[in-house]
Amino acid sequence: QGGVFAFVGPTGVGKTTTIGKLAARYVLQHGADKVALITTDTYRIAAHDQLRSLARILRVPVRVVDESNSLESLLRSLRHCSLVLIDTAGFRHGDPHLKAQLKALADQPQVKSLLVLSCNSQEQMLKASVHAYGAARLQGCVLTKLDETASMGEALGVVSQNRLPVVYTTDGQDIPKNIEVARAHQLVAKAVALLKTNPASAVS
């Protein structure tokens with residue numbers, strides 16, 4: 001459908017890789033001139049490099065939010081793109097930079113924020129992420145690393161408790177593969193399959 005989407009969440013949960021998968025799929029269907037990438041992560045050089053490499057391969061523009069370029073001005077300059085994906089910095093919970101970043105996203109009404117949650121994270125970390133990133137007016141979440149977890153119970157429990165819609169799931173690093181539109185019956189089937197494989201994970 002297109003739109004402007006920001007992917008938020010802690011470092012290492014798969015935000016940049018998820019953006020790469022979605023951008024690649026959109027380019028294949030609609031062309032490179034319809035997609036643009038933005039990053040607010042000016043703190044980690046490695047994050048920049050990965051996004052720039054993706055953009056170069058896909059032949060789509062990548063813009064950086066910095067002192068000279070606000071998110072609002074960059075979004076205005078990319079109005080011609082039907083899909084804009086925003087990669088964000090993964091600050092630790094409680095970092096003052098995180099609050100400023102989430103406010104900047106919330107101040108742009110056209111931006112829909114999606115929380116990226118890694119299924120191999122502990123329940124307390126998942127809960128803390130939902131709490132910490134809630135200021136971005138979350139529209140849903142992406143569950144990543146289904147291939148690296150022994151149980152989906154913690155992740156499904158947390159998103160259910162917080163009534164956070166699951167939009168996509170990912171289960172690997174391949175771009176543009178290893179991403180699926182989330183469907184309830186498939187998530188339940190995956191959770192049950194993991195439970196049968198790892199019965200010890202059912203013990204709380």
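Structure: above.
Reading guide: rules and limits
Along each chain, residue indices are assigned from 1 in the same order as the chain's sequence is written. Restriction of local features to residues with pLDDT of at least 70 applies here, the model being predicted, together with a cutoff of 80 or more for giving and counting side-chain atom pairs; totals for whole chains, interfaces and linings are based on all residues. Neither water nor hydrogens contribute to the side-chain values; these are computed over all heavy atoms in the structure. Only DSSP runs of H or I covering at least 4 residues are called helices, and only runs of E covering at least 2 are called strands; the numbering of each starts at the N terminus. Our radius of gyration looks at C-alpha atoms and nothing else; its globule reference is 2.2 Å times the residue count to the power 0.38. Each residue gets one of three labels from its accessible area relative to the maximum for its type: buried under 20%, exposed over 50%, partly exposed in between, using a 1.4 Å probe on protein chains only. Only heavy atoms enter the contact rule, under which two residues are in contact if any of them lie within 4.5 Å. Within this scheme the basic residues Lys and Arg register as positive and the acidic residues Asp and Glu register as negative, but His and the chain ends are omitted. Charge positions come from single atoms, namely NZ of Lys, CZ of Arg, CG of Asp or CD of Glu. Criterion for a disulfide: a pair of cysteine sulfur atoms at a distance within 2.5 Å. Residues forming no salt bridge and having over 30% relative accessible area are the ones grouped into patches, like charges within 9 Å of each other and nonpolar side chains (Val, Leu, Ile, Met, Phe, Trp, Tyr) within 5 Å. Reported accessibility uses the Shrake-Rupley method at a 1.4 Å probe radius. Residues are deemed covered only where the shown protein chains occlude them. Counted as salt bridges are all cases of a side-chain nitrogen of Lys or Arg within 4 Å of a carboxyl oxygen of Asp or Glu. Here, a strand pair is defined by DSSP locating no fewer than two bridges between the strands. Interaxial angles span 0 to 180 degrees and are taken between N-to-C directions of axes, which are lines fitted to C-alpha atoms, for helices over the stretch in contact.

Student: Break down the overall build of the protein for me, citing the residues and quoting the values.
Tutor: Scanning the protein from terminus to terminus reveals seven helices and eight strands. Taken over C-alpha atoms, the radius of gyration comes to 17 Å for the protein, in line with the 17 Å a tight globule of 204 residues would show. Principal-axis analysis of the C-alpha atoms places the extent of the protein at approximately 50 × 40 × 30 Å. Split into buried and exposed, the 204 residues of the protein put 48% on the buried side. A separation threshold of at least 6 residues defines the contact pool for the protein, and within that pool the share at least 24 residues apart is 75%. Distance between charge centroids for the protein: 5 Å, based on 23 positive and 16 negative side chains.

Student: Can you tell me about the side chain of Q101, naming the residues and giving the values?
Tutor: Locating Q101 in the fold gives a position in helix α4 (residues 96–106). If we skip the residues at most four places from it in the chain, Q101 touches T40, T88, A89 and F91.

Student: Give a detailed account of the state of the cysteines, specifying residues and quantitative values.
Tutor: This model, assessed by the stated rule, comprises zero disulfides. Counting only cysteine sulfurs, C141 is the nearest neighbor of C119, a cysteine outside any disulfide, at a range of 8.7 Å. Accessibility expressed as a relative area gives 2% for C119, which makes it buried.

Student: Can you explain a negative patch on the surface? Please cite residues and give values.
Tutor: Side chains of D147, E148, D171 and E180 sit close together on the surface and give a patch of like negative charge. Inspection of the secondary structure puts E180 in strand β8 (residues 179–181). By relative accessible area, which is 44% here, E180 ends up partly exposed.

Student: How would you summarise helix α5 (residues 123–133) if you had to cite specific residues and measurements?
Tutor: L126, S129, V130, A132 and Y133 are the residues of α5 that are buried. Packed against the buried residues of α5 are β1 (3–8), α4, β5 (111–118), β6 (138–144) and α6 (153–161).

Student: Can you tell me about the sheet that holds strand β7 (residues 166–170), naming the residues and giving the values?
Tutor: With mixed pairing, eight strands are arranged side by side in an open sheet as β3-β2-β4-β1-β5-β6-β7-β8. Only two strands of the sheet have a single neighbouring strand rather than two, namely β3 (62–64) and β8. Going across the sheet, the axis of each strand differs from the next one's by a mean of 25°, ignoring polarity. Pairing between strand β2 (residues 35–39) and strand β4 (residues 83–87): five bridges, direction parallel. Bridging across to β4, V35 finds its partner in L83.

Student: Give a detailed account of the environment of Q173, specifying residues and quantitative values.
Tutor: Its place among the elements puts Q173 in the loop between β7 and β8. For Q173, a relative accessible area of 53% puts it in the exposed group. Measuring from C-alpha to C-alpha, the distance between Q173 and G14 comes to 8.8 Å, with 159 residues separating the pair along the chain. The contact partners of Q173, leaving out residues within four places of it in the chain, are T17, K21 and N178.

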